[in-house]
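So the chains spell out like this:
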Amino acid sequence: MRPLRYSINVTLDGCCDHRAMPADEDLHRHAVENLKQADALLFGRVTYDMMETAFRPPAQTAGRPDWTEPFAQTISAAKKYVVSSTLEQVDWNAELVRGDLGEAVQQLKREPGKGLFVGGVQLPLALTELGLIDEYEFVVHPRIAGHGPTLFAGLLKHVDLKLVSRLEFDSGAVAQRYEPRR
C-alpha cells in the first residue's frame, strides 16, 4: 500500500496562509524532493486552483524567481487527483475524485507505487479525521503572522504523532516529519 504524505508551511503561531511566509530556494528545492517521492498529488479544489494558476504553463513567470522553475516543472508533470463536488472537469494532468472520500482515497492508496502527496488545509483535515494520512510534515517558519487560517481547525479528536525526522534550513525554517502513533 502506498503511503499518503502531507506537507504544509506554517508560521510559529499556526498560520498556514502561503502569503504569510517567505519562500526561498532551499524551501522550493525541499518541496521538489517531496513531490518526487509521490506518484500522484491529491488536492482539494482550492489548492488545485491555486497551484494551477501559479504553476501551470504558461503561468506568469514575470516576477517569479528562476529557482521556482524546478518546482513548477515537477508539479506540472505530476499526476493529480482533485477532490471536488463543485468542479465539472479538470485537466492539467488531473482527474476528479467523487463519491465517498474515504473509499476513494483508500483505493488510491492500494494502487502500486511510491506514494501519494496531499497539500492544502481542508482536505487534509478530512483525511486526518478518517485516519488516512501516514506522514505529516510541518515546515515551521520563524515568523508570527498574527492572522490567517490555522491548521486542523475543528478537528474532532486529537492525533498523537511520533517525530521521525527534522531538517533545518538556512532561513531558520524547520521541517519536522511525524508519523501517527497507532
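Residues numbered from 1 in each chain as written. Predicted model: local features only at pLDDT ≥ 70, side-chain atom pairs only at ≥ 80, totals over all residues. Heavy atoms only, no water.

**Concerning the overall build of the chain**
As a reminder of what qualifies: Every helix listed is a DSSP run of H or I at least four residues long, and every strand listed is a run of E at least two residues long, numbered separately from the N terminus. Each radius of gyration reported is based on C-alpha atoms, and the globular scaling rule is 2.2 Å times the count of residues to the power 0.38. In this scheme, a residue with accessible area under 20% of its type's maximum is buried, one over 50% is exposed, and one in between is partly exposed, where area comes from a 1.4 Å probe on protein chains only. The charge count includes Lys and Arg as positive and Asp and Glu as negative, but it does not include His or the ends of the chains. Charge positions come from single atoms, namely NZ of Lys, CZ of Arg, CG of Asp or CD of Glu.
A tally of regular secondary structure across the chain gives 5 helices and 8 strands. If you list the helices and strands of the chain from N to C, you get β-α-β-α-α-β-β-α-β-α-β-β-β. Here the C-alpha radius of gyration of the chain, 16 Å, is about what a compact globule of 182 residues would show, namely 16 Å. Seen through its C-alpha atoms, the chain measures out along the principal axes to roughly 40 × 40 × 30 Å. Within the span of the chain, comprising 182 residues, buried residues form 47% of the whole. For the chain, the distance from the average site of its 21 positive side-chain charges to the average site of its 25 negative ones is 3 Å.

**Regarding the layout of surface pockets**
Empty space among the atoms can be located by rolling a probe the size of a water molecule over them. Defined as follows: Using a grid of 1 Å spacing that covers the protein atoms alone, one calls a set of points a cavity when a 1.4 Å probe fits there but cannot get out, and a pocket when the set is open and has protein on both sides within 12 Å along at least five of seven lines; lining residues are those with an atom within 4 Å of a point. Grid points are joined across faces, edges and corners, and a volume is the space filled by probe spheres set on the points. Residues were grouped as follows: Ala, Val, Leu, Ile, Met, Phe, Trp, Tyr, Cys and Pro as nonpolar; Asp, Glu, Lys and Arg as charged; and all remaining residues, including Gly, as polar.
Approximately 1,200 Å³ is the volume attributed to the largest pocket. What lines the largest pocket is a set of 43 residues, among which Ile 8, Asn 9, His 18, Met 50 and Met 51 lie closest to the centre. For the lining of the largest pocket, the secondary-structure elements that each account for two or more residues are strand S1 (4-11), helix H1 (25-36), strand S2 (40-44), helix H2 (45-55), helix H3 (69-77), helix H5 (122-129) and strand S6 (135-141). Considering every element that reaches the lining of the largest pocket, the biggest residue donor is H2, with 7 residues. Across the lining of the largest pocket, the residue classes break down as 25 nonpolar, 14 polar and 4 charged.

**A short note on the pattern of salt bridges**
Keep this limit in mind: Here a salt bridge means any side-chain nitrogen of Lys or Arg lying within 4 Å of a carboxyl oxygen belonging to Asp or Glu.
What the rule picks out here adds up to 16 salt bridges. Its salt-bridge partner being Asp 134, residue Arg 182 comes within 3.5 Å of it at the nearest N-O pair. Of the two residues, Arg 182 sits in the segment after strand S8 (174-180) while Asp 134 sits in the loop between H5 and S6, which places them 48 residues apart along the sequence. When its relative accessible area of 69% is taken as the criterion, Arg 182 is described as exposed. A residue is classified by how much of its surface remains accessible, and Asp 134, at 23% relative accessible area, is partly exposed. Note that Arg 177 and Glu 135 form a salt bridge whose closest N and O atoms lie 2.6 Å from each other. One end of the pair, Arg 177, is in strand S8; the other, Glu 135, is in strand S6, with 42 residues separating them in the sequence. Relative accessible area serves as the criterion here: at 13%, Arg 177 is assigned to the buried category. Look at Glu 135 and you get buried, because its relative accessible area is 14%. Each of Arg 5, Glu 135, Glu 137 and Arg 177 takes part in salt bridges that share partners, so that together they form one network.

**Observations concerning the packing of H1 against H3**
Formally: Helix axes are fitted to C-alpha atoms over the stretch in contact, other axes to C-alpha atoms as well, and angles between N-to-C directions run from 0 to 180 degrees. What sets the label is the angle itself: under 35 degrees gives roughly parallel, over 145 gives roughly antiparallel, 65 to 115 gives roughly perpendicular, and the rest give oblique. In this scheme, a crossing is called left-handed if the near helix is turned counterclockwise away from the far one by less than a right angle; it is called right-handed if the turn is clockwise. Any pair of residues with heavy atoms lying within 4.5 Å of one another is described as a contacting pair.
Close contact between H1 and H3 brings their axes to 9 Å; oriented N to C, the two are set at 20°. By the angle class used here, H1 and H3 are roughly parallel. Of the two elements, H1 crosses H3, and the hand of that crossing is left-handed. Note on element contacts: H3 touches H1 through Pro 70, Phe 71, Thr 74 and Ile 75, opposite His 28, Ala 31, Val 32, Leu 35 and Lys 36. Tallied by class, the residues present in the contact of H1 with H3 amount to 6 nonpolar, 2 polar and 1 charged.

**Brief notes about the nonpolar core**
We count it as follows: Working definition of a nonpolar core: buried Ala, Val, Leu, Ile, Met, Phe, Trp, Tyr and Cys residues. They are joined through side-chain atoms within 4.5 Å.
Formed by 26 residues in total, the largest nonpolar core has its most connected members in Leu 4, Tyr 6, Leu 42, Leu 127, Phe 138 and Leu 151. Setting aside residues up to four positions removed in sequence, Leu 151 forms contacts with Tyr 6, Ile 8, Val 10, Gly 14, Cys 16 and Phe 138. If you look at the next biggest cluster of nonpolar residues, it comprises 18 residues, including Val 32, Met 51, Trp 92 and Ala 94.

In short, the description is geometric, and any link to function would need to be established separately.
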